[in-house]
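Listed below are the residues making up each chain.
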Amino acid sequence: MPMIVGVVAGVVVASILVLIGLFKLMWRVAEPNEALVISGSKHKTEGLGEGMGFRIVTGRGTLVLPGVQAVRKLSLDLNETELHVDCVTHQGIPLKVRGVVIFKVGDDYVSIANASRRFLDQQKLMAERVHNVFAGHLRSIVGGLTVEDMIRDREKLTAQTRAACGTEMEKLGLIVDSLQIHEIEDPTGYIQNLAAPHASAVQRDARIAQAESNRLATEAEQQSFARMAEATRDSEILQAGYQAQRDKAAAQARQAGPLADAAARQEVVVQETRVAELEAHRREQQLQADVRKPADAKAYEKRTLAEAERDARISAAQAKAKETELAAAAEATRVKTAAGAEAEATKARGAAAATATRATGEAEAAAAQAKGLADAEATKAKGLAEAEAIKARAAALAENQEAVVAQQLAENWPEIVKAGASAFGSVDNMVVLNGADGMADMLAKALTMGGTGLGLARQLLASMNQNGQTPHGTSPSLNGIAAPPSQKVPVEKEG
């Protein structure tokens, strides 16, 4: 009994194993990317005509009778083919179009059936067939377009190509997932020449933009450099100011001793100047008591005029000096502004030495001025004394005028008589009436001419005294006095 059970169990297990083996041999499963085409029995598939003689299975499993039915697989994967098509445009320009077509077998039973009947044993040739279909339609479409249309609207070229190839691809059981025109080659250079104006404009705009950018960058750099230079200048000015203060303090410390000596010398010079001024004042008072008071108003007028002229020259000189000082100050201001901190430092360094030198020079100048004033007053007093002497001589001459004139007339009486007788020089014959009385009258008139000369001499001396002219030790001469016009003498010529 146990043996029988074992045999039965073994038979059952063997049967099960045989059934499993037969099931595996008969069961076929379609992968997601493939379709099973089962032929050998008549089947009716939805969407297909009667009596196609094969069955299509996608995405599931099915039983296949070995030896009765044949099972083959059709790939539903994506495929692509490169397009290299030589075309001629509507303008007659040859072009080379480069693109790619991505296609696959349709997912519906009709597309799978159409593809199975055409490519089931020639699936490797599918890309070549698709290339030929697209090449023909692409040449036809490009022949109706211009280069400009192709460049500006590639989407239109792609859409027309897909639409033209759609019917044929449907018959082949294929669908186009993507069509891309990658490149349009122009062996004649038409496209390059067409783009040249735009490229030039773009290049021009780029150069303009670059130039503008460079200009803005340069301006920014210059402004940055200017700010840096301004900051450096301010820093240097501050440093120079601090250095000038330090130099000034050091110079003042160094010049403390010389300044003290100069101050002491200045005090001595001031005292000497005061002594000289007092001495000059004393001498001036003495001169005023001895000389100036006896001088008359004429000498005082001349002195006043001389002082006024001197003051005018001094005022002119002071104005000229002020003008020069203002010009020098303006020039110094300009130089100081240009030199900046360096001029300030130099001024600070020379300030102490200039102060000491100026103090010493002013003291010495004051002493020299006082001494010069004393000498000038002495000289002036001497000149006033000489003027008074000359005036005294002139006064003496004025008081003894009649004596001087009489002396001159006596010395020159022959010439005076000769001048009076010259009136008769042109008379050839003269008849004197009344005898001795007529002759006496004629001589009296001649002497009257001499008296007239005496009056003219006196008038000349008076005018010389009024004008301040003196003969300086010599008596006025009447030799140059012209005789008065000859008076008519009543004469009568004979016959």
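An unreviewed UniProt entry annotates the chain as Flotillin family protein originating from Streptomyces guryensis. Within the UniProt record for the chain, the comment given under Sequence similarities (unreviewed entry) is "Belongs to the band 7/mec-2 family. Flotillin subfamily."

### Section: the overall build of the chain
Helix and strand counts for the chain come out as twelve helices and eight strands. Of all 495 residues assigned to the chain, the portion counted as buried reaches 24%. Sequence-distant contacts in the chain: of pairs separated by 6 or more residues, those separated by 24 or more amount to 75%. Carbon together with sulfur atoms contributes 58% to the accessible area of the chain, which is approximately 32,600 Å² in total.

### Thoughts on the sheet that holds strand 3 (residues 54-58)
If you walk across this open sheet you meet the three strands as 3-2-5, and the pairing is antiparallel. Bordering the open sheet on either side are strand 3 and strand 5 (70-75), each of which pairs with just one other strand. Each neighbouring strand pair of the sheet contributes to a mean axis angle of 25°, computed without reference to strand direction. Here strand 2 (residues 34-39) pairs with strand 3 via five bridges, running antiparallel. Bridge assignment links Val-37 to a residue of strand 3, and that residue is Ile-56.

### Structural notes on the side chain of Ser-111
Along the polypeptide, Ser-111 turns up in helix 2 (residues 109-119). Here Ser-111 falls in the buried class, since its relative accessible area comes to 10%. Beyond its immediate sequence surroundings of up to four residues, Ser-111 is in contact with Val-105, Gly-106 and Gly-173.

### Remarks on the pattern of salt bridges
By the definition in use, this model includes twelve salt bridges. With a closest N to O distance of 4.0 Å, Glu-128 and Arg-129 form a salt bridge. The exposure class assigned to Arg-129 is partly exposed, which follows from its relative accessible area of 32%. Within this structure, Glu-212, Arg-215 and Glu-219 form a network of salt bridges that share partners.

### As for helix 5 (residues 154-171)
Look at helix 5: 26 Å from first C-alpha to last across 18 residues, which is about the 26 Å you get at 1.5 Å a residue. The complete set of buried residues in helix 5 reads Leu-157, Thr-158, Thr-161, Cys-165 and Met-169.

### Some remarks on the nonpolar core
In terms of nonpolar packing, the biggest core is built from 40 residues, with Val-101, Val-105, Phe-134, Met-150, Leu-157, Met-169 and Leu-174 touching the most fellow members. The greatest single-element share of this core, amounting to eight residues, is contributed by helix 3 (residues 126-142). Beyond its immediate sequence surroundings of up to four residues, Leu-157 is in contact with Leu-138, Ile-141, Val-142, Leu-145, Met-150 and Ile-181. Among the nonpolar cores identified, the runner-up in size contains five residues, and Leu-36, Ile-38, Val-57 and Val-64 belong to it.

### So, the sheet that holds strand 6 (residues 79-88)
Read from one edge to the other, the open sheet built from three strands follows the order 6-7-8, with strand pairing classed as antiparallel. Taken across any chain shown, the strands that pair with only one partner, and hence form the sheet edges, are strand 6 and strand 8 (174-185). Averaged over all adjacent pairs, the angle separating strand axes in this sheet is 25°, with direction ignored. Taken together, the ten bridges between strand 7 (residues 94-105) and strand 8 define a ladder with antiparallel strand orientation. The partner of Phe-103 across the bridge, within strand 8, is Val-176.

About the thresholds
Residues numbered from 1 in each chain as written. Predicted model: local features only at pLDDT ≥ 70, side-chain atom pairs only at ≥ 80, totals over all residues. Heavy atoms only, no water. UniProt positions renumbered as here; feature names shortened; annotations may be inferred. Helix = DSSP H or I, 4+ residues; strand = E, 2+ residues; numbered from the N terminus. Buried < 20%, exposed > 50% of the residue type's maximum accessible area, 1.4 Å probe, protein only. Contact = heavy atoms within 4.5 Å. Areas by Shrake-Rupley, 256 points an atom, 1.4 Å probe, with all protein chains shown as cover. Pairing = 2+ DSSP bridges. Axes fitted to C-alpha atoms, helices over the stretch in contact; angles between N-to-C directions. Salt bridge = Lys/Arg side-chain N within 4 Å of Asp/Glu carboxyl O. Expected span 1.5 Å × (residues − 1). Core = buried A, V, L, I, M, F, W, Y, C linked by side-chain atoms within 4.5 Å.

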